[in-house]
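Spelled out from the first residue to the last, the chains are:
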Amino acid sequence: MPERIPRLDRSTWSEARRFDDLGVTVLDRWVGEELGHSETEERVRKALDFEVPLVDLGERSELYAGVHVLELFHGPTLSFKDFGARTMARFMEALLEERGETLTVLVATSGDTGSAVADGFAGQENIRVVLLYPLGKVSEVQERQLIAQRPGVEVLAVEGTFDDCQKMVKDAFVDEELADYGLSSANSINVGRLLPQMLYYLWAAGRLSGSDPSFCVPSGNLGNLTGGVLAHASGLDAPGFVAGHNANDFFPEYLAGRRDEFQPSVRTLSNAMDVGAPSNFERLEHMLGREEMRRLIWATSVTDALTRRRMREVYEETGYVACPHTSVGLEAAVRYRRDTGVDRPVVVLSTAHPAKFPDTVSETLGIDPPRAAALERLRDRPTRFRTVEPGLSSLKRHLLSRSELSG
Ligand SMILES: *Cc1c(COP(=O)(O)O)cnc(C)c1O
């Protein structure tokens, strides 16, 4: 964690006209001195070059008065992970250039992180990306996003489980032969991914007049929520945050004082949130302290059945199509307002495009899922991956046989 959190003036977000303007102003306070101000600006503008719309569901139906959806899925891989991955890639590239170093980023992935990192880091000078995913264990859309050919990115389809992939990466980091190899990770505890995730909280508050809204965050590893807490610590006066979890309910149970131990994860419809041991939990508790964490954050757990029901209800009332993760958030937001009586506006973070989950959307709503141009384009793109056996030795063989950066 950084030692000091820069305080921001309200006008920073209320007067920002464009999302990348806000990004430049805020991130310069964090990294401008180290990277240089013009360098920071150039990198941030390149990373954050997509729309961040705020949709008012209350305009469509009185039942959802005061409920807004902040769409974080207009980046190239259609999930909020693009914000962190794209920004971090460009900051890392700038630092490596300055130091004349190269780096290999190793990522084990079962979902949105892998494609966001692959896309975000592709073509960055001095950075090679090696991505591991479990062959046959990700959805068709996810796989298409992962194996699209990208400069500087190598994809290993591991004949095993996600845990095998993760173990290969962990073993590589502590392997003596690879110690001087320049390996790095890009997982969700990396602060370089968290910083850009505070921007859209400020952005949404700036689009709404009057007092700052509450925020409802579909959560797994709690990295997205941590971005909100950083925005709060910088001066955003949100009355509260809501953590919407699926059946992986460690955090809501913890806040309620009913549980202290992490759990094994269980599979749900909102699979990017299937996390039994949230990796940002300790950081959150460290930032806020236990009491303040309980005061500021309200959490709830939503079953798959109620996720589908909320998806249907929102669609029937407002015509809005939400992905399963966003539906967990919408259900959590409705419960929060009902159970706490807070009637200030609430902004639900929409973490992924519904087109990434065509089966769930069509089964639940009986319609063809909306199309996303970024996915359609992938259909004709060449793919490239190599199938490998699980175990460190096959990863090492790959790393050492092609130690030059691939073009
Ligand atoms: C990663 C992800 C989440 C969970 O975010 P955390 O930062 O891990 O809490 C929610 N929804 C989608 C679509 C994701 O990809």
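See the structure shown above.
Residues numbered from 1 in each chain as written. Predicted model: local features only at pLDDT ≥ 70, side-chain atom pairs only at ≥ 80, totals over all residues. Heavy atoms only, no water.

Asks: Just to check I follow, could you spell out the packing of helix H14 (residues 304-318) against helix H15 (residues 324-340) for this structure?
Replies: Geometry of a packed helix pair, given as the angle between the helix axes and the separation of the axes. At a closest axis distance of 8 Å, the pairing of H14 and H15 adopts a crossing angle of 85 degrees. When the axis of H14 is compared with that of H15, the two are roughly perpendicular. The residues of H15 that touch H14, namely those facing Leu306, Thr307, Arg310, Met311 and Val314, are Pro324, Ser327, Val328, Leu330, Glu331, Val334 and Arg335. Grouping the constituent residues of the contact of H14 with H15 by class yields 7 nonpolar, 2 polar and 3 charged. (Axes fitted to C-alpha atoms, helices over the stretch in contact; angles between N-to-C directions. Helix = DSSP H or I, 4+ residues; strand = E, 2+ residues; numbered from the N terminus. Parallel < 35°, antiparallel > 145°, perpendicular 65-115°, else oblique. Contact = heavy atoms within 4.5 Å. Nonpolar A, V, L, I, M, F, W, Y, C, P; charged D, E, K, R; others polar.)

Asks: Looking at this structure, how should I read the environment of histidine 398?
Replies: The topology assignment puts histidine 398 in helix H18 (residues 392-401). The buried category is assigned to histidine 398, whose relative accessible area is 4%. It is 38 Å that separates the C-alpha atoms of histidine 398 and glutamate 33, two residues lying 365 residues apart in sequence. Leaving out residues up to four positions away in the same chain, histidine 398 has contacts with Arg128, Val130, Glu154, Leu156 and Arg386. Within polar-contact distance, the side chain of histidine 398 engages the side chain of glutamate 154 at 2.7 Å. (Buried < 20%, exposed > 50% of the residue type's maximum accessible area, 1.4 Å probe, protein only. Polar contact = N/O pair within 3.5 Å; in protein donor to acceptor, adjacent residues only side chain to side chain.)

Asks: When you look at the environment of alanine 247 in this model, what are you seeing that I'm missing?
Replies: Note that alanine 247 resides in the loop between strand E8 (241-245) and helix H11 (250-255). For alanine 247, a relative accessible area of 40% translates into the label partly exposed. Note: C-alpha distance between alanine 247 and valine 302 (55 residues apart in sequence) is 6.1 Å.

Asks: It is not clear to me how the site of the ligand should be interpreted in this structure. Could you clarify?
Replies: The environment of the ligand is formed by 15 residues, the closest being Lys81, Asp112, Gly220, Asn221 and Thr351. Take glycine 220: an N or O atom from its main chain is 2.8 Å from an oxygen atom of the ligand. Here a nitrogen atom of the ligand and a side-chain polar atom of threonine 351 are 2.8 Å apart. For the ligand, whose unbound accessible area comes to 390 Å², protein coverage reaches 97%. Residues belonging to the shell around the ligand are distributed by class as follows: 6 nonpolar, 7 polar and 2 charged. (Near = heavy atom within 4 Å. Areas by Shrake-Rupley, 256 points an atom, 1.4 Å probe, with all protein chains shown as cover.)

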